[in-house]
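Letter by letter, the chains look like this.
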Amino acid sequence: MTEVKFYEKIEDELLKFAVIISRTQNQYVFCKHKDRDTWEIPGGHREQGENIIDTAKRELYEETGALEFDIEPICVYSVTAPDNFDGSESFGMLFWADIKRFEAELHSEIEKITRMDGLPEKWTYPDIQPYLLKEAEKRGYL
């Protein structure tokens with residue numbers, strides 16, 4: 001069973017991921033990986049020596065083509081799942097972004113993005129990402 005928890009702070013070196021709940025013109029922005037037929041919130045792994053805010057900015061650009069945006073951290077989250085990191089708790093930072101302008105085309109593993117008024121029916125990470133959205137809503141971001 002997958003468990004998602006939320007924290008205010010954690011040691012920076014424990015943060016392995018950045019996930020960015022993104023909106024543009026009052027619509028959610030979701031992306032679709034080339035190898036999947038599901039939708040996900042933009043995000044990804046932190047690179048060696050990278051600041052977590054820089055991870056978020058890089059992933060937002062790579063996965064959505066966002067060129068101009070406002071971004072801010074929401075909170076730390078963790079995921080514990082038997083098929084993830086040998087069942088140990090892994091940590092990430094959840095961000096909020098308001099995208100103002102997009103690049104004309106994508107240059108990564110992401111096939112396409114979509115703008116939605118609501119949430120997708122087919123999630124890539126159904127045991128994780130809907131909980132991240134609920135927490136953002138609880139904290140007044142949605």
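This section reports on the structure supplied with the text. (Residues numbered from 1 in each chain as written. Predicted model: local features only at pLDDT ≥ 70, side-chain atom pairs only at ≥ 80, totals over all residues. Heavy atoms only, no water.)

1. Some remarks on the side chain of H33
Logical step 1: Take H33: it is sitting in strand β3 (residues 27–33).
Logical step 2: Overall, H33 belongs to the buried group, its relative accessible area being 14%.
Logical step 3: Looking at H33, its side chain comes within polar contact range of the main-chain nitrogen of D35, at 2.9 Å.
Logical step 4: The contacts of H33, once residues within four sequence positions are left out, are E40, E109, I110 and E111. (Helix = DSSP H or I, 4+ residues; strand = E, 2+ residues; numbered from the N terminus. Buried < 20%, exposed > 50% of the residue type's maximum accessible area, 1.4 Å probe, protein only. Polar contact = N/O pair within 3.5 Å; in protein donor to acceptor, adjacent residues only side chain to side chain. Contact = heavy atoms within 4.5 Å.)

2. Considerations on the pattern of salt bridges
Logical step 1: As enumerated under the stated definition, the model contains 14 salt bridges in all.
Logical step 2: Residues R58 and E47 are paired through a salt bridge, measuring 3.6 Å at the closest nitrogen-oxygen approach. One end of the pair, R58, is in helix α1 (residues 52–64); the other, E47, is in the loop between β4 (43–45) and α1, and eleven residues separate them in sequence.
Logical step 3: Notably, a salt bridge pairs K138 with E135, separated by 3.9 Å at the nearest N-O pair. (Salt bridge = Lys/Arg side-chain N within 4 Å of Asp/Glu carboxyl O.)

3. As for the environment of E47
Logical step 1: Judged by relative accessible area, which is 44%, E47 ranks as partly exposed.
Logical step 2: Sequence separation between E47 and L119 is 72 residues, and the spatial gap between their C-alpha atoms is 29 Å.
Logical step 3: Beyond its immediate sequence surroundings of up to four residues, E47 is in contact with T55 and R58.

4. Let's talk about the nonpolar core
Logical step 1: I21, F30, I41, I74, Y77, L94 and L132 are the most contacted members of the largest nonpolar core, which totals 21 residues.
Logical step 2: Elements represented by at least two residues in this core include exactly β2 (15–24), β3, β5 (66–80), β6 (90–102) and α2 (129–138).
Logical step 3: In terms of residue count, β5 provides more of this core than any other element does, four residues in total.
Logical step 4: In this view, Y77 contacts K5, F6, F17, V19, S90, F91, G92, M93, L94 and L132; residues no more than four positions away in its chain are not counted. (Core = buried A, V, L, I, M, F, W, Y, C linked by side-chain atoms within 4.5 Å.)

5. Quick look at the pairing of β6
Logical step 1: Extensive coverage of β6 is indicated by the burial of ten of its 13 residues.
Logical step 2: Relative to β6, β2 runs parallel, the two being bridged by eight bridges. Following the sheet pairing, F17 is matched in β6 by G92.
Logical step 3: The pairing of β5 with β6 spans twelve bridges and is classified as antiparallel. Its bridge partner lying in β6, F69 is registered against I99. (Pairing = 2+ DSSP bridges.)

6. Considering the packing of aromatic side chains
Logical step 1: If you walk through the whole model with that rule in mind, you get four aromatic pairs.
Logical step 2: Centre to centre, the rings of W96 and Y141 are 6.1 Å apart; their planes meet at 45 degrees, and the pair counts as tilted. In this pair, W96 sits in strand β6 while Y141 sits in the segment after α2, placing the two residues 45 residues apart along the sequence.
Logical step 3: W96 sits in the buried class, given a relative accessible area of 16%.
Logical step 4: Grouped by ring-pair contacts, the aromatic residues Y28, F30 and W123 constitute a single cluster.
Logical step 5: One residue, R23, lies across the ring of Y28, its end atom 4.4 Å from the ring centre. (Phe/Tyr/Trp six-rings, centres within 6.5 Å; stacked < 30°, edge-to-face > 60°. Lys NZ or Arg CZ within 6 Å of the ring centre and 35° of its normal.)

In short, shape yes, function no, at least from these values alone.
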